[in-house]
Amino acid sequence: MSDTLPSPARLFVMAGAACGFLGVAAGAFGAHYLREKIEPRLLEAFQTGVQYQLVHAVALLAVAWLTTVAPGRASHAAGWLFLVGIVLFSGSLQALALSGVRVLGAITPLGGLCFLAGWIALLLAAMRA
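Quick summary incoming for the structure in this document.

### Let's talk about a nonpolar patch on the surface
A contiguous nonpolar surface patch, about 380 Å² in accessible area, is contributed by Ile107, Leu110, Leu113 and Leu116. Mapping Leu113 onto the fold places it in helix α4 (residues 108-128).

### Brief notes about the nonpolar core
With 22 residues, the main nonpolar core has Phe12, Cys19, Leu60, Val63, Phe82, Leu83 and Leu122 as its most contacted residues. Listing elements by their share of this core, those giving two or more residues are α1 (8-37), α2 (40-69), α3 (73-99) and α4. Once residues lying within four places of it in the same chain are set aside, the contact partners of Cys19 are Gln53, Ala57, Leu60, Leu83 and Ile86. Ranked by size, the runner-up nonpolar core spans nine residues in total, among them Ala26, Leu34, Ile38 and Val50.

### Considering the packing of aromatic side chains
Under the criterion given, the structure shown has seven aromatic pairs. Judged by centre distance (5.2 Å) and plane angle (25°), the rings of Phe29 and Tyr33 are stacked. Remark: Tyr33 and Phe29 occur in helix α1; sequence separation between them is four residues, near one turn of the helix. The exposure class of Phe29 is partly exposed, given its relative accessible area of 36%. Ring centres 4.7 Å apart and planes at 45° place the aromatic pair Tyr52 and Phe89 in the tilted group. Placement of Tyr52 in helix α2 and of Phe89 in helix α3 is noted, with a sequence separation of 37 residues between them. You can call Phe89 buried: its relative accessible area is 12%. By the ring-pair criterion, three or more aromatic residues cluster together here, those being Phe29, Tyr33 and Phe46.

Rules used throughout
- Residues numbered from 1 in each chain as written.
- Predicted model: local features only at pLDDT ≥ 70, side-chain atom pairs only at ≥ 80, totals over all residues.
- Heavy atoms only, no water.
- Patch = residues over 30% accessible without salt bridge, like charges linked within 9 Å, V, L, I, M, F, W, Y side chains within 5 Å.
- Areas by Shrake-Rupley, 256 points an atom, 1.4 Å probe, with all protein chains shown as cover.
- Salt bridge = Lys/Arg side-chain N within 4 Å of Asp/Glu carboxyl O.
- Helix = DSSP H or I, 4+ residues; strand = E, 2+ residues; numbered from the N terminus.
- Core = buried A, V, L, I, M, F, W, Y, C linked by side-chain atoms within 4.5 Å.
- Buried < 20%, exposed > 50% of the residue type's maximum accessible area, 1.4 Å probe, protein only.
- Contact = heavy atoms within 4.5 Å.
- Phe/Tyr/Trp six-rings, centres within 6.5 Å; stacked < 30°, edge-to-face > 60°.

So, in structure tokens, the structure goes:
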């Protein structure tokens, strides 16, 4: 069964690549389409979501590498925390900007906490390498 599941390194490279691709696409969408369609503060929120998505897409690539040199719970946790952070933080900001539903902003801090915890987990994994 383990042959059917991707290794943690492969999983986090694929996730980082997908998040990077989607981040670039979302950034282009915001710059070329949304600029004319939504108010500036919502566009700023959208762009903040894109920025954090792209930064953490690269962080996922670092996690993928670290899982090969320091496999363990901390490196795996970092990857999952970054992924959840992208969905909650970036996703909620982008959804808020597109929908105008303000309650989505309440989700954003949870994603931020995931990012912070992910960076701590990455630090711990690196210290153990």
